[in-house]
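# Examining the three-dimensional arrangement
The chain contents come next:
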Amino acid sequence: MAKIKNIYFLRILRNLLVLIGIFFSLCLLLAFTTLPFWGFHWLGTSKSELKEEPKTIVLLGGGGMPSESNLMRSWYVEKAAKSFPKAGIVIAMPGDLADSLSTPVLMRKELELRGVKNIRISFEDKGTNTRAQAMNCQRIIKMQNPVLLVSSPEHMRRAVLCFRKAGFEKVNALPAFENATEADLSFKDDELGGNKLFVPDVGQSISVRYQLWNHLKYEILIARELAALTYYKLRGWI
């Protein structure tokens, strides 16, 4: 009896490992196509519209300070603040505003370094997810006024849907896409010396050195965000 159970367990384990292998092989093959980029692009642009001049720019915080997400978003908020000089700015990031080293305070300092006046900046410092931030912004922003959300591309669709569900009538969005470098990053391997045996030349292959890994990262971001969108939909938050 125990032997039969062991055989049954080994079969299940083998089938599971085969399925995992197939899944990761498909992910790897998909990374050699442009589909991950366009999926990432869709999350960032499918709800990103600018139909009217915003009264308030909402910076949705993403991480600590400094971090790639918050610095990218701050860069875009500074550009938006210059384009719409009459708009107020709300930093939606939880933290202790009495602490000069807290994340929301450091985000404000970053905007000030970029030329945004302190008087334009206010905080939503309680919300710990997008739903809570949208609901808390109801007490800060007039629902009928146009708002401009600034967040990372993968988060943009969910953010817009959350604010609309919370009752905001005019929600615009500015996804914080990173720009690709304009430089040619190719090189000739043999000119740089080092070992040559059994090591393939990759200097001319930008897709292997960068695109493949970026697309794998996009696949993870897309999977996580689709899971979050599903959860928010089931909860009735979007």
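Described in the following lines is the structure provided in the data block. (Residues numbered from 1 in each chain as written. Predicted model: local features only at pLDDT ≥ 70, side-chain atom pairs only at ≥ 80, totals over all residues. Heavy atoms only, no water.)

Our next topic: the pattern of salt bridges. The tally for this structure, following the rule as stated, stands at nine salt bridges. The residue R164 makes a salt bridge to E49 at a minimum N-O spacing of 3.6 Å. Taken together, the residues R164 in helix α6 (residues 153-165) and E49 in the loop between α2 (35-45) and β1 (56-60) connect sequence positions 115 residues apart. A residue is classified by how much of its surface remains accessible, and E49, at 33% relative accessible area, is partly exposed. Close ionic contact of R158 with E225 constitutes a salt bridge, the shortest N to O distance being 2.5 Å. Residue R158 is found in helix α6, and its partner E225 is found in helix α7 (residues 206-235); the two are separated by 67 residues along the sequence. Residue E225 is classed as buried on the basis of its relative accessible area, which comes to 2%. (Salt bridge = Lys/Arg side-chain N within 4 Å of Asp/Glu carboxyl O. Helix = DSSP H or I, 4+ residues; strand = E, 2+ residues; numbered from the N terminus. Buried < 20%, exposed > 50% of the residue type's maximum accessible area, 1.4 Å probe, protein only.)

As a further point, take the sheet that holds strand β3 (residues 121-124). Strand order in the open sheet made by the five strands is β3-β2-β1-β4-β5, with parallel pairing throughout. Of all strands in the sheet, those bounded by a partner on one side alone are β3 and β5 (171-175). Across the sheet, the mean angle from the axis of one strand to that of its neighbour is 25°, orientation sign disregarded. As judged from the four bridges shared by β1 and strand β4 (residues 147-151), these two strands associate in the parallel manner. Of the residues in β4, the one forming a bridge with T56 is V147. (Pairing = 2+ DSSP bridges. Axes fitted to C-alpha atoms, helices over the stretch in contact; angles between N-to-C directions.)

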